[in-house]
Amino acid sequence: MDRLALDVRNLSLFIQSESVDKAIFEDVSFCLGVSSLLAIVGESGGGKSLLCKSLLKLTPANARLSGSAILSGLQTSIDLISCSESEMEAIRGSRIGMIFQEPASSMNPVMTCGEQICDALPKAVRADKILARRKIAEILEFVGFKDLNRIVRSYPHELSGGMLQKVATVLAIAGEPSILIADEPSTALDAVNRFELMELFQRLRNEFGMSILWVTHELHSALTCADGLLVMYAGNVMESGSVAEIAEHPKHPYTKALLDVEKSFREPGGPRPIPEEILPTKKRDGGCVFAGRCEFTKPICRNKNPKWESNESRQGWRCHFPLK
Ligand code: SF4
């Protein structure tokens with residue numbers, strides 16, 4: 001990885017309550033290179049979405065964030081976790097764009113798509129009406145729209161799911177950010193729209209040098225498009241590294257289980273999900289969070305938290321008994 005766009009170190013998020021603070025994710029570290037695509041994979045409930053929102057400080061009021069996330073810039077770098085709300089307002093949209101899971105949730109239902117896209121453009125472009133109109137048309141064409149006037153005049157509820165997703169993407173990139181965070185953008189899309197979105201990611205990287213952080217549970221797409229993988233389970237990073245290394249030699253049993261599920265889609269009998277708890281995990285504190293579902297669990301796994309280890313090719317894992 002040559003130049004870094006984002007360097008996240010020991011990021012943790014706790015939701016505070018009267019009795020006990022609940023960890024949503026803990027000790028998450030990763031690097032996102034310039035023009036690269038890092039896919040965050042894992043089953044639902046692993047803390048992936050809140051991890052993305054945390055990078056833009058879009059967390060609940062009772063959340064406590066710790067760690068650092070250094071956003072590199074041409075002149076200055078800034079820690080997203082310790083920056084002020086006014087600094088963050090200047091970063092959202094213009095340095096980091098985000099496609100949210102539910103495209104409609106990021107749109108205003110009483111404004112046309114054209115008005116909303118105009119609001120998302122850089123200030124200097126917005127100030128010049130002719131330039132703004134041209135820019136809106138360019139971005140709409142870039143994401144694959146043909147009937148531009150119709151999209152510009154439409155309200156969100158007048159568009160199909162696939163079109164809404166594209167408009168949400170336009171809103172996320174209109175401010176010309178260097179980083180795009182995409183939180184499960186393809187979940188509700190059919191195969192054609194999904195393929196188009198994957199292609200769009202590649203063009204954003206190649207033509208604009210955009211770095212992409214992509215949350216997905218579609219491991220197959222991640223293996224095809226991403227450079228790096230971050231495998232999360234129950235708020236913990238289980239494994240990270242290059243797609244090539246992990247697909248060929250997964251070190252963590254959870255990664256292997258996810259790859260086996262992926263393989264089973266193409267085998268007779270259809271998909272076989274990871275079994276629920278093989279042995280119930282009564283107490284997770286101090287032990288591996290995957291112990292209850294892991295086929296290789298040994299007594300130490302239930303008592304001692306595995307340490308993060310890595311090899312010379314920067315593949316890292318959290319397991320007492322990494323796979324050979
Ligand atoms: S530490 Fe033990 S339980 Fe956890 S993944 Fe490794 S082998 Fe399985």
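To keep things clear, this report deals only with the structure shown in the data block. Note that the structure is a prediction, hence the values are computed from the model and not measured.

## A closer look at the nonpolar core
Alright, step 1. Judged by nonpolar contacts, the single largest core of 60 residues is most densely connected at Leu-180, Phe-201 and Trp-214.
Alright, step 2. Ranked by residue count, the leading element in this core is helix 7 (residues 161–173), at seven residues.
Alright, step 3. Setting aside residues no more than four positions away along its own chain, Leu-180 makes contact with Gly-97, Met-98, Ile-99, Ala-172, Ile-173, Phe-201, Leu-204, Met-210, Ser-211, Ile-212 and Leu-213.
Alright, step 4. Counting residues in each nonpolar core, the second largest holds 35 residues, with Leu-32, Leu-71, Ile-91 and Leu-213 among its members.

## Re the pairing of strand 9 (residues 228–233)
Side-chain direction in a regular strand flips from residue to residue, so the side chains alternate between the two faces of the sheet.
Alright, step 1. Across the six residues that make up strand 9, a large majority, six, are buried.
Alright, step 2. The alternating pattern of strand 9 places Gly-228, Leu-230 and Met-232 on one face and Leu-229, Val-231 and Tyr-233 on the opposite face, and all of these are buried.
Alright, step 3. Pairing of strand 9 with strand 10 (residues 236–242), which is carried by six bridges, proceeds in the antiparallel orientation. Within strand 10, the position partnered with Gly-228 by the bridge is Ser-242.
Alright, step 4. Here strand 9 folds back onto strand 10 in antiparallel fashion, the turn holding two residues, of which Ala-234 has a positive phi close to 45°.

## Digging into the sheet that holds strand 5 (residues 78–79)
Alright, step 1. On the basis of which strands lie adjacent, the open sheet formed by four strands has the order 2-1-4-5 and antiparallel pairing. Only two strands of the sheet have a single neighbouring strand rather than two, namely strand 2 (22–33) and strand 5.
Alright, step 2. With eight bridges joining them, strand 1 (residues 4–15) and strand 2 adopt antiparallel strand pairing. Bridging across to strand 2, Leu-11 finds its partner in Val-28.

Cut-off values and rules
- Residues numbered from 1 in each chain as written.
- Predicted model: local features only at pLDDT ≥ 70, side-chain atom pairs only at ≥ 80, totals over all residues.
- Heavy atoms only, no water.
- Core = buried A, V, L, I, M, F, W, Y, C linked by side-chain atoms within 4.5 Å.
- Buried < 20%, exposed > 50% of the residue type's maximum accessible area, 1.4 Å probe, protein only.
- Helix = DSSP H or I, 4+ residues; strand = E, 2+ residues; numbered from the N terminus.
- Contact = heavy atoms within 4.5 Å.
- Pairing = 2+ DSSP bridges.

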